[in-house]
Amino acid sequence: MFVLYDFRFAVPLILSLPSTVISVTKKEPLKVKVITVLGSKAPALNVKLAQALCSGSKGSVINNQELKFDADSATYFLDSFPKNFDVGKYTFVFEILPDELAHEKVYITEAQTKVPIAATGAISIENAEISVLDSDVGSVESQKKLDLTKDGAVSLSANHLQKLRLPYQLTTPLGHVFKPHQAFIKLKHESQVEHVFLVKASGKKSELVIVEFLNVLLSQENSLLSNIGHIELDLPERPEKAPRPPLWKEDFLGLVEKLYYLSGKYEIQLIIGDASMENSLLSNIGHIELDLPERPEKAPRPPLQPTDPYSRYGPKAEISHIFRVPEKLPAKQLSLVFLGLIVLPFIAFLIGLTRLGVNIKSFPSLVGAATSAVLLLYVLFLVEGKLSIPFLILRSLHQKI
Amino acid sequence: MMNLSRSVALISLFLLPLLSLSFSVDNPTDRRVLVLLDDLSLKSSHSIFFSTLKSRGFDLDFKLAEDSKLALQRYGQYLYDGLIIFAPSTERFGGSLDSKAIADFVDSGRDLILSADTSASDLIRGIALECGVDFDEDSSAMVIDHSSFSVSDVDGDHTLIAADDLVKSHAILGKTKIEAPVLFRGVAHSLNPTNNLVLKVLSASPSAYSANPSSKLSSPPQLTGSAISLVSVMQARNNARVVISGSLQLFSDKLFRSGVQKAGSPNKYEKSGNEQFVTELSKWVFHERGHLKAGSLVHHRVGETDEPAIYRIKDDLEFSVEILEWSGKSWEPYVADDVQVQFYMMSPYVLKTLSTDKKGLFHTSFKVPDVYGVFQFKVEYEKLGYTTLSLSKQIPVRPYRHNEYERFIPTAYPYYGACFTTMAGFFVFSFVYLYHK
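Residues numbered from 1 in each chain as written. Chains lettered and ligands numbered in written order. Predicted model: local features only at pLDDT ≥ 70, side-chain atom pairs only at ≥ 80, totals over all residues. Heavy atoms only, no water.

An unreviewed UniProt entry lists chain B under the name Dolichyl-diphosphooligosaccharide--protein glycosyltransferase 48 kDa subunit, from Brassica cretica. For the record of chain B, the UniProt heading Pathway (unreviewed entry) holds the text "Protein modification; protein glycosylation." (UniProt positions renumbered as here; feature names shortened; annotations may be inferred.)

Under the annotation held in an unreviewed UniProt entry, chain A carries the name Ribophorin II and is attributed to Brassica cretica. If you open the UniProt record of chain A and go to Pathway (unreviewed entry), you find "Protein modification; protein glycosylation."

Below, the structure written as structure tokens:
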């Protein structure tokens, strides 16, 4: 059993935080626990938050703030943050001093304990719009306000000569401009080919402008977008009569080429997210019908998309053989009629014979018997009377040969 | 001394057959598994996973990935049936192991579990590429998801993902639904779209992306959305199974035990789905489930029992095949309603779904087509998560013999009539001529 009340060694104190994520929106207090190395209670201490350094800016947001002690839970807490404590990543620097001077020799602590803290909050997204602009003039062809909380049924159409513009504003709970880590716009074609664009933010507004357009310089001059971020891409294909800009770059990757010349319906998705954002969103804004020029011979083909595994493995459709339909033969009645017609002469012959008055005298001679036997055999063979004795005899003779 | 060595020799003679136990056709579950670690502390930080494997009867052999005595084969025989590589940062394996040796190991029909992590080395990426899995080229990238992360008090950068987009397959993930999301922290990978043997088992949500969490994005990330796979599997054509995971922590005790609450969802789970997910996946990989075996194809004419050497067109025949499923301990009859047989010559002439008697026997009957030639009965069964069955049996089909046609053609009655009346007329005439007075 350890007894650490040995004044030769000072007992180290450990500062820990049960939670390093603080929500600015929910106004959660910052909680700190101090215990000795072996887990027993620390004496009365003065815990101070010396500095709160934000990762982006210089200077500390909080200076020398003393934490209050809650005896029930034995934690020190800070429940009020200054007005300029915004979302983001901070490094909090704590200092611990024992209350009673006597304890100073008994307990030791680090001079300053640095703890990384993430401050999160709900970011508000306002003034989101989507519009299709005509490139030359900058006039708006269609414009719609977006409600990013609902999956929109926005339906637009554009061709390769127009621009797509999507401005929005992000503000932190304290009203500052917020630049998220993830701000994507995804265009997904019906054939599952996807394209991701980054929204670059600068200044007050974040904006995505997709220029599907021939002339780079023209769009650069044309930007009313001087302090707003945009993506500008340009096409290598030009119709003959278009004016040549002075700075033509043949090796520019055109947006149309990037889209693999696939015209059709594209679904637009806006994804905004950040580690400090409590309400990251993925919003299906709607569709846009893009009308792009024809693919030239050498353009790259869209990448292969993986097939759905469930459809790959299912049972195949059943095949049953369709038997050959026998040829259509004339009706049986017809052949019976002709049979009758053929038999008629024979009957006429018999009638003629009786008319002539035939009479049969002596009975079968050898010739007659032989002839009739041959005929009988022939008839039996034709009718397939396999059980007739002469037939059987003949068959056995034949087999022996 | 002599007695002792003699008795040892005798005992080892008896033990030799036991030593050669491994998986076989009759018992497809793997037995001996080599576990390669790059840090022996993984034995304790992943102890629950290893102890569940041991309790199911696997013989685990732990070795450091750089151990110079590593060998998968000795004298041409494989020493292990399965391989688990939990060594994401190893640049070179020790001993005789390299990525080609591992590819040969899988080619011989043996199974592999490969896990990468945030510092995946080129060796691990190369092995994964052989199996059709492309890890993100950026070595500092992790999967980040701001809408589908696990709410936690200590992790504020949304790299611990709570994923619940699982593949729908009873064979791979078992019959019980995994309720709680699976926790994942690691690298993203995508599947090669031309490879139809790989499959995503755990996919990321549409808002996920793969990037370095501590630096701003300068260009759109390569891997985004549901194209990111977190855990994938591959079943090779020889039915060897491979599991590739982007996170080593997925298998760790810490994530097995931790509770999970997905961001934006009110459900809070006491225990994450990791343990159930990993256990079910390991059962599939080591062939405890989803392994099929088929008996030979039996066919005969309706009413007979013997298999004829040749069929005639338009014969009625009956076909049957027996399929068994390995349950982990014994062969059980396989029950399914999508096994099909093809009667095939260059292309299937007849394709029928077999009906089962629930005791493993699948049967059907059909009429032989009126095309003659050499046909094959083909059973090519591919189901998600099950081994592929590819059976065939050749049988010729002949046309009618000359005496199998109908004897008299109704249309030709006039001709028959003509023939017989001629004969009859001749008979009568000769009779009359001879005997008339």
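(A) The arrangement of the sheet that holds strand β28 (residues 373-381) of chain B in detail. Residue and element names in this part refer to chain B. Taken in spatial order, the 5 strands of this open sheet run β21-β29-β28-β24-β25, and their pairing is mixed. Looking at which strands have only one partner, the edges of the open sheet turn out to be β21 (311-312) and β25 (347-353). As defined by bridge partners, β21 adjoins strand β29 (residues 389-398) across 2 bridges and the pair is classed as parallel. Looking at β29, one finds that Arg-312 is bridged to Arg-398. (Pairing = 2+ DSSP bridges. Helix = DSSP H or I, 4+ residues; strand = E, 2+ residues; numbered from the N terminus.)

(B) A nonpolar patch on the surface, seen in detail. Residue and element names in this part refer to chain A. Residues Leu-334, Val-337, Phe-338, Leu-341, Leu-344, Ile-347 and Ile-351 make up a contiguous nonpolar surface patch of roughly 630 Å² in combined accessible area. Relative to the helices and strands, Leu-334 resides in helix α5 (residues 332-356). By relative accessible area, Leu-334 is classed as partly exposed at 45%. (Patch = residues over 30% accessible without salt bridge, like charges linked within 9 Å, V, L, I, M, F, W, Y side chains within 5 Å. Areas by Shrake-Rupley, 256 points an atom, 1.4 Å probe, with all protein chains shown as cover. Salt bridge = Lys/Arg side-chain N within 4 Å of Asp/Glu carboxyl O. Buried < 20%, exposed > 50% of the residue type's maximum accessible area, 1.4 Å probe, protein only.)

(C) Inspection of the interface of chain B and chain A at higher detail. Between chain B and chain A, the contact holds 75 residues from the first and 72 residues from the second. Remark: the boundary between chain B and chain A carries 0 salt bridges. Counting across the chain B and chain A interface gives 15 residue pairs in polar contact (both at pLDDT 80 or more). Those elements giving two or more residues to the side of chain B that touches chain A turn out to be β13 (198-203), β14 (208-211), β24 (340-345), β25 and α9 (413-435) of chain B. For the side of chain B that touches chain A, the element with the most residues is α9 of chain B, which contributes 18 residues. Across the side of chain B that touches chain A, the residue classes tally to 39 nonpolar, 22 polar and 14 charged. (Contact = heavy atoms within 4.5 Å. Polar contact = N/O pair within 3.5 Å; in protein donor to acceptor, adjacent residues only side chain to side chain. Nonpolar A, V, L, I, M, F, W, Y, C, P; charged D, E, K, R; others polar.)

(D) Spotlight on the domain arrangement of chain B. Structurally, chain B comprises domain 1 (15-289), domain 2 (292-402) and domain 3 (406-435). Of note, the centres of domain 1 of chain B and domain 3 of chain B, computed from C-alpha atoms alone, are 88 Å apart. (Domains from an automatic or database assignment.)

(E) Structural view of the pattern of salt bridges. All names here are of chain B. Evaluation of the coordinates by the stated rule reveals 17 salt bridges over all chains. Between Asp-81 and Arg-32 there is a salt bridge; the shortest N-O distance is 3.6 Å. Note that Asp-81 is positioned in the loop between β4 (77-78) and β5 (82-86) and Arg-32 in strand β1 (residues 32-37), a separation of 49 residues in sequence. The class for Asp-81 is buried, based on a relative accessible area of 0%. Looking at Arg-32, the relative accessible area reads 17%, which means it is buried. One salt bridge in this structure joins Arg-312 and Asp-315, with 3.9 Å as the shortest N-O distance. Take Arg-312: its relative accessible area is 18%, and that puts it in the buried class. Take Asp-315: its relative accessible area is 9%, and that puts it in the buried class.

(F) Structural detail: the packing of aromatic side chains. By the definition in use, this model includes 25 aromatic pairs over all chains. Ring centres of Phe-184 of chain A and Tyr-209 of chain B lie 5.3 Å apart, and the angle between their planes is 80°; this geometry places the pair in the edge-to-face category. With Phe-184 of chain A in strand β16 (residues 182-189) and Tyr-209 of chain B in strand β14, this pair bridges two chains. Classification of Phe-184 of chain A by relative accessible area gives buried; the value is 1%. The class for Tyr-209 of chain B is buried, based on a relative accessible area of 0%. Across the ring face of Trp-331 of chain B, the terminal group of Lys-293 of chain B is positioned such that the distance to the ring centre comes to 4.6 Å. (Phe/Tyr/Trp six-rings, centres within 6.5 Å; stacked < 30°, edge-to-face > 60°. Lys NZ or Arg CZ within 6 Å of the ring centre and 35° of its normal.)

(G) Local environment of the nonpolar core. Residues Val-34, Phe-92 and Phe-94 of chain A are the most contacted members of the largest nonpolar core, which totals 65 residues. Here Val-34 of chain A is in contact with Leu-13, Ile-14, Leu-15, Ala-42, Leu-45, Val-47, Tyr-76 and Ile-96 of chain A, once residues within four sequence places are set aside. With 48 residues, the next largest nonpolar core counts Phe-50, Ile-113, Phe-251 and Val-278 of chain B among its residues. (Core = buried A, V, L, I, M, F, W, Y, C linked by side-chain atoms within 4.5 Å.)

(H) Spatial organisation of the sheet that holds strand β17 (residues 194-198) of chain A. Residues and elements named next belong to chain A. Taken in spatial order, the 5 strands make up an open sheet running β14-β22-β21-β16-β17, and their pairing is mixed. If you trace the sheet from one side to the other, it starts and ends with β14 (154-159) and β17, each paired once. Strand-to-strand twist in this sheet, taken as the mean axis angle between neighbours without regard to direction, amounts to 25°. Relative to strand β22 (residues 281-291), β14 runs parallel, the two sharing 6 bridges. Looking at β22, one finds that Asn-159 is bridged to Asp-291. (Axes fitted to C-alpha atoms, helices over the stretch in contact; angles between N-to-C directions.)

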